[in-house]
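Overview (structure and organization)
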Amino acid sequence: EWPLRPGENGQQHMSEDDDFMDTEEQIPRDIEKEAEDEKNTGNNFYKQKDYFKAIKFYTNAINLMPEKAAYYGNRAAAYMMISNFSSALDDSLKSVEKDPNFFKGGLRMIKCYIALGNLTAASRSLQDLKSRDPNNSSSYASETTNINRLKDLEISADKDMNNNDYKKVVYVMDRALEMAPACVNYKTKRAECLALLGRYNEAQEAANEMLRANNLNAGALYVKGLCLFYQDHLDKARQHFLQVLRVDPDHSKARLAVKVNLEPFNGLSVIGGTQLCCNVNTKWLGRWPIKSSI
């Protein structure tokens, strides 16, 4: 039998540090307190109007306690302050999913739907909120007013569009966008009417802004094509209309624009007037500024 070497006694040798590690008590994490600390830090940044940092800390709180409805509500409020209504809506929906009785979450959801111009969803959510909290009508009075006002403005804009009163449509859409600043449909209709009024720079600027947010925005691509068409860049206009149809095959105005024969317009030059063109091939354009080359 071989003799044991110094320090060997048949058991694993343990250092003083190892012994200390084995006897030290592990302090359990207080996840709820950590989450509250993150939320409170987010609240401080929110009060300082540093909404991006607030969002970061609210996200930390959510990661720690993903079932806490109020944390999604906090982050939704911060998203709304930076006009990110799509993300705010997602968080508002999650907050109500986690807690159906979370009133602030339901109210923020309505505000987001209004900002995005989704009046059908806003009205449905408002009715649901009223049924669950009928005695708190003063809290959503402004949302009720805004929904009704926007519905009236939409009716007015459609009527003015049918009457070729594009200047009035621009005015109405400006009023609507004050209440629904993230509504793509309102922005598109406004940009289209700017093009129909011959205000091409403004129309293209509005279209480019929408395309920066979404480079596959069919309405914005259509407006750019419309501006090119009015400025006699027919080949480029046609390419834009074809691109619209690749994005949205059901876009009726782009389909008609591609369907009509553009060749007859090669003898026309565009000017800044407001003459009503009665040619059957341009009926889809409504009011169109032209002058004959003859």
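Here the structure is a predicted model, which means the values were calculated and not measured.

**Focus: helix α13 (residues 234–247)**
Spanning 14 residues, α13 covers 20 Å between terminal C-alpha atoms, matching the ideal 20 Å at 1.5 Å per step. All of the buried residues in α13 are Leu234, Ala237, His240, Phe241, Val244 and Leu245. Within α13, the buried residues cover an arc of 140° as seen down the axis, which keeps them to one side. For α13, exposure combined with an orientation more than 90 degrees from the buried face picks out Asp235, Lys236 and Arg246. Each element contacted by the buried residues of α13 is listed here: α12 (218–230) and α14 (252–259).

**So, the pattern of salt bridges**
A complete count under the given rule lists twelve salt bridges for this structure. The partner of lysine 189 in a salt bridge is aspartate 158, and the shortest N-O contact between them spans 2.8 Å. Placement of the pair is lysine 189 in helix α10 (residues 184–196) and aspartate 158 in helix α8 (residues 141–162), with a sequence separation of 31 residues. The salt bridge partner of lysine 253 is glutamate 192, with a shortest N-O separation of 2.6 Å. Of the two residues, lysine 253 is situated in helix α14 and glutamate 192 in helix α10; the sequence distance between them amounts to 61 residues. Owing to a relative accessible area of 31%, lysine 253 belongs among the partly exposed residues under this scheme.

**Things to note about the packing of helix α4 (residues 69–81) against helix α5 (residues 85–98)**
Where α4 contacts α5, the two axes come as close as 8 Å, and the packing angle between them is 165°. As the angle between them shows, α4 and α5 are arranged roughly antiparallel. Considering how the two elements wind past one another, α4 and α5 form a crossing that is left-handed. Mapping the contact onto sequence places Ala69, Tyr72, Gly73, Arg75, Ala76, Tyr79 and Met80 in α4 and Phe85, Ser87, Ala88, Asp91, Ser92, Lys94, Ser95 and Lys98 in α5.

**A look at the layout of surface pockets**
If you add up the space inside the largest pocket, you get close to 540 Å³. Contributing to the lining of the largest pocket are 26 residues, with Val184, Asn185, Tyr186, Thr188 and Lys189 lying nearest its centre. Ranked by residues supplied to the lining of the largest pocket, first place goes to α10 with seven residues. The residue makeup of the lining of the largest pocket, split by class, is nine nonpolar, nine polar and eight charged.

**Regarding the packing of helix α6 (residues 103–115) against helix α7 (residues 119–132)**
Between α6 and α7, the least distance of the axes is 8 Å, while the angle of their chain directions is 160°. On the basis of their axis angle, the class for α6 and α7 is roughly antiparallel. Helix-helix and strand crossings are classified by hand; for α6 and α7 the assignment is left-handed. Mapping the contact onto sequence places Phe103, Gly106, Leu107, Met109, Ile110, Tyr113 and Ile114 in α6 and Ala121, Ala122, Ser125, Leu126 and Leu129 in α7. Its residues assigned to classes, the contact of α6 with α7 comprises ten nonpolar, two polar and no charged.

**Quick look at helix α2 (residues 31–47)**
Here α2 spans 24 Å end to end across 17 residues, near enough to the 24 Å set by a 1.5 Å rise per residue. Ala35, Lys39, Gly42 and Phe45 are the residues of α2 that are buried. Projected onto a plane normal to the axis of α2, the buried residues spread over an arc of 115° and lie on a single side. The inward-facing, buried residues of α2 contact α3 (51–64) and α4. Two residues or fewer after α2 comes lysine 49, characterised by a positive phi angle close to 65°.

**Considering the nonpolar core**
Among the nonpolar cores identified, the biggest contains 70 residues, and Leu150, Met173, Tyr186 and Phe241 are the most heavily contacted of them. The dominant element in this core, judged by the number of residues it contributes, is α12, at ten residues. In this structure, Ala35, Ala61, Ile62 and Tyr71 belong to the second largest nonpolar core, which totals five residues.

**Remarks on the packing of aromatic side chains**
The final tally for this structure, using the stated rule, is six aromatic pairs. Taking the centre distance of 5.5 Å and the plane angle of 20° together, the rings of phenylalanine 45 and phenylalanine 57 count as stacked. Taken together, the residues phenylalanine 45 in helix α2 and phenylalanine 57 in helix α3 connect sequence positions twelve residues apart. The class of phenylalanine 45 is buried, set by a relative accessible area of 18%. Taken together, a centroid distance of 6.5 Å and an interplanar angle of 45° make the contact between phenylalanine 229 and tyrosine 230 tilted.

Here is what the cut-offs are and how they apply
- Residues numbered from 1 in each chain as written.
- Predicted model: local features only at pLDDT ≥ 70, side-chain atom pairs only at ≥ 80, totals over all residues.
- Heavy atoms only, no water.
- Helix = DSSP H or I, 4+ residues; strand = E, 2+ residues; numbered from the N terminus.
- Expected span 1.5 Å × (residues − 1).
- Buried < 20%, exposed > 50% of the residue type's maximum accessible area, 1.4 Å probe, protein only.
- Arc of directions from axis to C-beta.
- Contact = heavy atoms within 4.5 Å.
- Salt bridge = Lys/Arg side-chain N within 4 Å of Asp/Glu carboxyl O.
- Axes fitted to C-alpha atoms, helices over the stretch in contact; angles between N-to-C directions.
- Parallel < 35°, antiparallel > 145°, perpendicular 65-115°, else oblique.
- Left-handed = near helix turned anticlockwise from the far one by under 90°.
- 1 Å grid on protein atoms, 1.4 Å probe; cavity = no way out; pocket = protein on both sides within 12 Å on 5 of 7 lines; lining within 4 Å.
- Points joined across faces, edges and corners; volume = space filled by probe spheres on them.
- Nonpolar A, V, L, I, M, F, W, Y, C, P; charged D, E, K, R; others polar.
- Core = buried A, V, L, I, M, F, W, Y, C linked by side-chain atoms within 4.5 Å.
- Phe/Tyr/Trp six-rings, centres within 6.5 Å; stacked < 30°, edge-to-face > 60°.

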